[in-house]
Amino acid sequence: MRGLPHSALRITRASHVSRATLPSLTYTASRTFVTTTQRPAPAQSGRAPPNPPPSDIADAATAFLGTKKRLPEFSLTDKVVLVSGAARGLGLTQAEALLEAGATVYALDRLPELSPDFHTIASRAEKELGTSLYYRQVDVRDVVNLNKIVTDIAEKHGRLDGLIAAAGIQQETTALEYTAEDANRMFEINITGVFMTSQAAAKQMIRFGKGGSIVMIASMSGTVANRGLICPAYNASKAGVIQLARNLASEWGEYNIRVNTISPGYIITAMVEELFKKFPERREAWPKQNMLGRLSGPREYRGAGVFLISDASSFMTGSDLRMDGGHSAW
Ligand SMILES: NC(=O)c1ccc[n+]([C@@H]2O[C@H](COP(=O)([O-])OP(=O)(O)OC[C@H]3O[C@@H](n4cnc5c(N)ncnc54)[C@H](O)[C@@H]3O)[C@@H](O)[C@H]2O)c1
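Residues numbered from 1 in each chain as written. Predicted model: local features only at pLDDT ≥ 70, side-chain atom pairs only at ≥ 80, totals over all residues.

Under the annotation held in an unreviewed UniProt entry, the protein carries the name NAD(P)-binding protein and is attributed to Lepidopterella palustris CBS 459.81. UniProt annotates the protein under Sequence similarities (unreviewed entry) with the comment "Belongs to the short-chain dehydrogenases/reductases (SDR) family." (UniProt positions renumbered as here; feature names shortened; annotations may be inferred.)

Colleague: Just give me the short version of the environment of Gly102, but keep the residues and values in it.
Modeller: Relative to the assigned elements, Gly102 resides in the loop between α2 (89–100) and β4 (104–109). Along the primary structure Gly102 and Gly130 are separated by 28 residues, whereas in three dimensions their C-alpha atoms are 7.8 Å apart. (Helix = DSSP H or I, 4+ residues; strand = E, 2+ residues; numbered from the N terminus.)

Colleague: Outline the environment of Asn256, supporting the account with residue identities and numerical values.
Modeller: Relative to the assigned elements, Asn256 resides in the loop between α6 (232–252) and β8 (257–264). Distance in space between the C-alpha atoms of Asn256 and Ser314 is 9.4 Å, their sequence separation being 58 residues.

Colleague: Could you give an account of the site of the ligand, with specific residues and numbers?
Modeller: Residues in close proximity to the ligand total 28 residues, the closest being Gly85, Gly89, Leu90, Ala167 and Gly168. If you list the elements that add at least two residues to the shell around the ligand, you get α2, α5 (180–208) and α7 (270–278). No other element matches the three residues that α2 contributes to the shell around the ligand. (Near = placed C-beta within 6 Å.)

Colleague: Lay out the sheet that holds strand β5 (residues 133–137) in plain terms, naming residues and giving numbers.
Modeller: Strand order in the open sheet made by the seven strands is β5-β4-β3-β6-β7-β8-β9, with parallel pairing throughout. At either end of the open sheet lies a strand with only one pairing partner, and these are β5 and β9 (320–323). Averaged over neighbouring strand pairs, the angle between their axes works out to 20° when direction is ignored. Both strand β3 (residues 80–84) and β4 contribute to a ladder of five bridges, which runs parallel. Paired with Ser84 across the strands is Leu108, a residue of β4. (Pairing = 2+ DSSP bridges. Axes fitted to C-alpha atoms, helices over the stretch in contact; angles between N-to-C directions.)

Structure (structure tokens):
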């Protein structure tokens, strides 16, 4: 894993969000609307958290979200979580959030090469967070290998607590031009791949009897047809993921395994930046299609991933968490 070339990885940062330059309306404290050229993502607070009370200091090293008295249901300490598609992009951002919440994280992806960001996060996990990020190279279509890897991980730790299934592909082709081969590949990775990864994880969760939480990355495109983005098979695949989650939730609830989806809106990743170079009008048009007047960054889904994997969502299953800036609410 270490010392591999970095060329194949596209890592995105929240700072991309501030590139939105569309004029937009902002509601000010004086209750008037003003025109601004840019609407920033929520700012990080400069205020440091207070020190934990002395009685909790002993626990601070293992309570990664503060202390046992501060939202302990979000803590993932001692939990083992898989993230597919985590060599880069949204999956890697989710992996870092889980590490910050205290989990041991295994990234599963087909890429042979890892980015500097992956190594930076793995190093941060060891040195700063007291936990670990591992990589296992696997194509989610290789069901035999997938099951072997997931079984080995669960046996090593004596448990498996969570999965975020983020591996997926996208293809823009009109419905009249789509080939059966391309459509089958889309469904094989985006639906069957998510299904088989979830199945492999659920088998181990059932085996070790501790329940678990499975989160599938769907999309707002599983609920609506995107205006000006022609990808019929992708949208059908994400609708399939949303329905799959409901069915798996209904079958696995008896094992205390929860299954939910996150449906993001447009996320500014390197892939989307490339699209903007090819179709510059989309940089202007897409932000206008939601209620916040901007596109999202991968970091804006961190809290949702930790929420759904952790006990903070213990009574939530069979649900879709749509986070699209209001895109599909119009
Ligand atoms: N970028 C967006 O605007 C957006 C919006 C909504 C949903 N999503 C979804 O979020 C997820 C992550 O997307 P992203 O933007 O980070 O894209 P990305 O291409 O950067 O990341 C996807 C990852 O999945 C991996 N992958 C693809 N096929 C695989 C396979 N067969 N086996 C194993 N790994 C495989 C890739 O190698 C890659 O690392 C996807 O499911 C995508 O559909 C993205």
